[in-house]
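Breakdown of the fold
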Amino acid sequence: MALFLAAVEQGLIWGLAALGVYLSFRVLNFPDLSVDGTFPLGAAVTATLISRGWDPFGALALAAAAGMAGGLWTAALSTRFRIQGLLAGVLTMIMLYSLNLRVMGRPNLPLLGRPSAFRTLSHLTGLPGDWAKVLGAGLLGLGCAALLIALFRTELGLALRASGDNPTTAQAYGLSPAAQLTWGLALSNGLVALSGGLAAQYLGFADIGMGIGTIVSSLAAVIIGEILFRPRGVGWGLLAALGGSVVYQGAIRVALRYGSRLGFTAADMRLLTALVVLAALVAPAWRLRKEG
Amino acid sequence: MLTLHGVSKTFRLGKESVRALDGIDLGVGAGEFLTVIGSNGAGKTTLLNVIAGTCWPDSGRIAVAGQDVTAWPAYRRARFIGRVFQDPRQGTAPHLTVAENLALAAQKGPRTLRWALGRARLAFFRRELAVLGMDLEKRLNERAAYLSGGERQALAVLMATFTRPKVLLLDEHTAALDPAHAERVLEITDQLVRAHHITSLMVTHRMDHALRVGSRLVMMHKGRVLLDLGAAAKANLGVEDLVGLFRKVGVVDDELLLTDAKACAAQ
């Protein structure tokens, strides 16, 4: 039960990052790697602010804003300076590594005994800590997914989707591909940083290395969601990414607990995650070749 | 409605350079339907590209409805220029539904947080789709990718026309379709253009199409306008006459293999 709860909590918290990655990779069709920098940026901003006495919710808001700035930066590199998308993201990621150290002042910032959004929720609702975590993560995860689903049904959201789906068409109907990419990446990285900020409050610390592999684990969540739930349309796709994130976190918990019997340790997790993503990426092509 | 003044464009590919547009002066009046023919490399597609803004001219000015748009990016011109491409896949977004594609085309100005698919809009879409006679009004929630080439192109023509653009650019938009669909899409185009008096330029390889529709015919060769015929002169012309005119200027169809589209993409 504890394992199940942990999977749901973490799945929803890290699922916010999966929503962001779904937005950049699937909707905008832009392979944005800056998330490996904006996730810990969100954590660093949140932890720093809370340790200076900020309200945990205000800290989350500012974390999201910082992430959006990171997304704007990547978009600017790509659209203004014509830097290839992958490289633009990598540059942002590396720059943010230094910046995150600056923000925190040191590589690890513990938040022991500090207020957190979860503790406030627990206090407000009278729920025990674990359930407050599920509630908080659920409210934010599902809330953000619902907002995005609604956004995608508006003219603004449709413009974003069209621009990622077919830039030629989008341009022929009055949309600037650069402008769409810019606000799309801001939104995406805002979500990722929000995820990082919430993760810091959940874990009770921010660490300079906590962003490594964010892109891979988020993509794993997106892909697992697509395979398990076969979503039709972008709204279901978002919910599937959240669901995929829960399944992924569950699988990681199980692997951490029972993997040692097979000789795996925590150090192998990233390798295993990358292999899962690799398998999911290769499988369709492989199946096609077999059938064709 | 549309004026080009001294528009030139040269493509340089390695050591070779091709003068795709050579000082084009062209005025198209409101409601005129121009058909544009010419050999490969004559500059037809480049002409449409510089008007749409996806290709920058080296020199010259372009004005739409009295407004100089030479320095405007393509997406800004798109507010009053409609465009249908040769490839049906370029004119529609594949993962958006039929209704969503129409909604994309329905609001060319600044987008807002309004629902893209309101009830009134859907009713409007159904009425407009019914005009095509392809039963697309019953497939509003299907993705554009699932439509056939002809259906998708008919949808693209409808999308390009239903905000009543000041200028409509048709770039060999029936060339990639099977004969039956090509005829149907041409019919739909002619019908919509005339019903809404949309100033249009249609580039085509098909001389019979160039003669059958439109109120004016322009023949291009090596980046220049060689022939410009009004409705009366056009009505008396047959396909053989056009072929004869091409021969007279010494055009052999496979003479120039470099097409404008490739040159523009290579830039």
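Higher on the page you've got the structure.
Everything in this summary refers to the structure shown in the same document. Just so you know, these numbers come straight off a predicted model, no measurement behind them. (Residues numbered from 1 in each chain as written. Chains lettered and ligands numbered in written order. Predicted model: local features only at pLDDT ≥ 70, side-chain atom pairs only at ≥ 80, totals over all residues. Heavy atoms only, no water.)

1. Focus: the overall build of chain A
The cut-off we apply is this: Strands here mean DSSP runs of E at least two residues long; helices mean DSSP runs of H or I at least four residues long; both are numbered from the N terminus. To get the radius of gyration, use the C-alpha atoms; to get the globule rule, take the number of residues to the power 0.38 and multiply by 2.2 Å. Exposure categories follow from relative accessible area, calculated using a 1.4 Å probe and restricted to protein chains: below 20% of the type maximum is buried, above 50% is exposed, and the middle band is partly exposed.
A tally of regular secondary structure across chain A gives 12 helices and two strands. Each helix and strand of chain A, ordered N terminal to C terminal, gives the series α-α-α-α-β-α-α-α-α-α-β-α-α-α. Relative to the 2.2 N^0.38 estimate, which gives 19 Å for 292 residues, the radius of gyration of chain A is 19 Å and therefore close to what a compact globule would have. If you line up chain A on its principal axes, its C-alpha atoms span 55 × 45 × 35 Å. Looking at chain A as a whole, 53% of its 292 residues qualify as buried.

2. Quick notes on the interface of chain B and chain A
The following threshold applies: Every residue pair with non-hydrogen atoms within 4.5 Å of one another is taken to be in contact. Once two parts are joined, some of their accessible surface, as seen by a 1.4 Å probe, is lost; buried area is that loss totalled over both. We define a salt bridge as a contact between a side-chain nitrogen of Lys or Arg and a carboxyl oxygen of Asp or Glu at a distance within 4 Å. The term polar contact refers here to a pair of N or O atoms within 3.5 Å; inside protein, the definition further demands a hydrogen-donor-capable atom paired with an acceptor-capable atom, and it admits residues adjacent in sequence only when both atoms are side-chain atoms.
On the side of chain A, 22 residues touch chain B, which itself brings 33 residues to the contact. For the pairing of chain B and chain A, the buried interface totals around 2,400 Å² over both sides, and the portion due to carbon and sulfur atoms is 61%. Among the residues chain B hides against chain A, the three largest losses belong to B:Y75, B:L104 and B:R111. Together they make up 26% of the total. Counting across the chain B and chain A interface gives three salt bridges. A salt bridge links A:E155 to B:R114; the nearest nitrogen and oxygen atoms lie 3.0 Å apart. On the surface where chain B and chain A come into contact, there are 13 residue pairs in polar contact (both at pLDDT 80 or more).

3. Some points on the packing of aromatic side chains
Here is the rule we go by: Any two rings among Phe, Tyr and Trp, with Trp reduced to its six-membered ring, count as a pair given centres within 6.5 Å; such a pair is stacked if its planes are under 30 degrees apart, edge-to-face if over 60, and tilted if neither. Put simply, a charge is over a ring when the Lys NZ or the Arg CZ is close to the ring centre, within 6 Å, and near the line of the ring normal, within 35 degrees.
Applying the stated criterion across every chain, the model contains seven aromatic pairs over all chains. Ring centres of A:W14 and A:Y202 lie 6.4 Å apart, and the angle between their planes is 85°; this geometry places the pair in the edge-to-face category. Here A:W14, found in helix 1 (residues 2-27), pairs with A:Y202, found in helix 9 (residues 177-203); they are 188 residues apart in sequence, far enough to count as distant. Arranged with centres 6.2 Å apart and planes meeting at 45°, the rings of B:F124 and B:F125 form a pair that is tilted. The class for B:F124 is partly exposed, based on a relative accessible area of 27%. Members of the aromatic cluster, each reached through a chain of ring pairs, are A:W14, A:F39, A:F118 and A:Y202. Over the face of the ring belonging to A:Y202 we find A:K133, whose NZ or CZ atom lies 5.1 Å from the ring centre. Taking the ring centre of B:W72 as reference, the NZ or CZ of B:R76 above it sits at 3.9 Å.

4. A word on helix 2 (residues 35-51) of chain A
Residue and element names in this part refer to chain A. Just so we agree on the cut-off: A helix is expected to span 1.5 Å multiplied by its residue count minus one.
With 17 residues, helix 2 should cover 24 Å at 1.5 Å per step; its first-to-last C-alpha distance of 24 Å lies within 8% of that length. Buried residues dominate helix 2, accounting for 16 of its 17 residues. Phi turns positive one or two residues past the end of helix 2, at G53, with a value near 95°.

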